[in-house]
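Here is what each chain is made of, one letter per residue.
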Amino acid sequence: MSDALSPSPPRALGPYRLLRRLGVGGMAEVFLAVAHGASGFEKRVALKALLPELRENPRLQRLLIEEARLGARLQHRNLVQVHDLAVADGVYFLRLDYVDGADLHALLAGGLPSPGLALLIAEEVVLALAYLHAATDDGGRPLGLVHRDVSPTNVLLSRAGEVKLSDFGVTKATLLEGITQANVRKGKYAYMSPEQVGGEPLTARSDQFGLGVTLVELLLGERPYDGETPLETMDRVRAAEPPALPGLDDELRALILRCLARAPRDRFEDDEALRGEIAACRAARPASHAE
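The rules behind each value
- Here the residue numbering is sequential within each chain, running from 1 through the sequence in written order.
- It should be noted that, the model being predicted, local features are given only for residues of pLDDT at least 70 and side-chain atom pairs only at 80 or more, the latter also being counted only at that level, while totals for whole chains, interfaces and linings use all residues.
- The basis for every side-chain value is the complete set of non-hydrogen atoms in the structure, without hydrogens or water.
- For the purposes of this entry, the term helix denotes a DSSP run of H or I that reaches at least four residues, the term strand denotes a run of E that reaches at least two, and both are numbered from the N terminus.
- Throughout, exposure labels follow a simple rule: accessible area from a 1.4 Å probe, protein chains only, divided by the maximum for the residue type, with under 20% read as buried, over 50% as exposed, and the rest as partly exposed.
- Working rule for contacts: check all heavy atoms of both residues, and any pair within 4.5 Å makes them a contact.
- Strand pairing is assigned whenever DSSP detects at least two bridges linking the two strands.
- Each axis is a line fitted through C-alpha atoms, and for a helix only the stretch in contact is used; angles between axes span 0 to 180 degrees, taken between their N-to-C directions.

### Some thoughts on the overall build of the chain
Then, in step 1: Along the chain, the regular secondary structure elements total 8 helices and 11 strands.
Then, in step 2: Sorting the 291 residues of the chain into buried and exposed places 48% on the buried side.
Then, in step 3: The long-range share in the chain, meaning contacts at least 24 apart out of those at least 6 apart in sequence, stands at 60%.

Printed below as a string of structure tokens:
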């Protein structure tokens, strides 16, 4: 997980010394912590736990445990790795990669990246999604995973130049019934696909919509379907009228508008087709500086 300023955390969680809180969401919080070993060994890690007021909720505990089981199956350079599930003083928590850097939301506060850099980040995210969407169980059956929350706060950039997709707490596995419900609108309204807002079945193409919204924000500094209220935003997403995209060339406009197609069948056929189009768009665009 990425670094960020936050309120002081408790001092420890199990054997880990907590340094500070990195982030907080609707159900969980993430801490920067230190793991200790023999001969003065230390390693910084990220720990994710349910919010204190939610830790007695058995359903949310099961969700966190399932997130750990799912995350342990997934190993890819563009995904935040889940390393362990533990419990201390009745509190379940995950041990995750600590990404020394920041998320896209924080970086956008300092200005827009160049179009080439924005496309490079998007291409790395698609590599993560392609791996996620193709994941199988031990018997080789597709798990049918959909991330459901592709958004700037879930895209982490390290100081070393890594791009990692995080937060599998909202991931939908079609073979894991009872873990999530189709009518529970998790994630962030502005990045949801029309089918997610409508409580319809989701497919891998649903994640293309969130990536399209994120790419518009990286290139133009605004989201295409923002409304004055969450309800208005959801109505705009449901309608999915093609945004104007001022200042973008025809190639970029075509890429984004296809990601933002209202019907999933009108988006890219698969992640490889999407990645190929992104790579073609960024071929003539430098990715070395911000605007």
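### A word on the sheet that holds strand β7 (residues 101–103)
Then, in step 1: The sheet built from 3 strands is open, its strands ordered β7-β9-β10 with antiparallel pairing. For this open sheet the edge positions go to β7 and β10 (163–165), each flanked by a neighbour on one side alone. Across the sheet, the axes of successive neighbouring strands diverge by a mean angle of 25°, strand direction being ignored.
Then, in step 2: Direction of pairing for β7 relative to strand β9 (residues 155–158): antiparallel, over a ladder of 3 bridges. Its bridge partner being in β9, Gly 101 is matched across the sheet by Ser 158.
Then, in step 3: Its contacts with the sheet place helix α3 (residues 115–133) against β9 and β10, and it is angled at close to 45° to β10.

### Remarks on the sheet that holds strand β3 (residues 28–36)
Then, in step 1: Strand order in this open sheet of 6 strands is β1-β2-β3-β4-β6-β5, and the pairing throughout is antiparallel. Every other strand in the sheet has two partners, leaving β1 (12–13) and β5 (82–88) as the edge strands with one partner each.
Then, in step 2: Inspection of the sheet shows strand β4 (residues 42–50) paired to strand β6 (residues 91–96) by 4 bridges, in the antiparallel sense. Directly across from Leu 47, in β6, lies its bridge partner Arg 95.
Then, in step 3: In the packing of helix α1 (residues 58–73) onto the sheet, the strands contacted are β4, β5 and β6, and the crossing angle to β6 comes to about 25°.

### Points about the environment of Glu 241
Then, in step 1: By secondary structure assignment, the location of Glu 241 is in the loop between α6 (230–239) and α7 (250–259).
Then, in step 2: Counting along the chain gives 16 residues from Glu 241 to Tyr 225, while the straight-line C-alpha distance between them is 8.6 Å.
Then, in step 3: Beyond its immediate sequence surroundings of up to four residues, Glu 241 is in contact with Tyr 225 and Arg 236.

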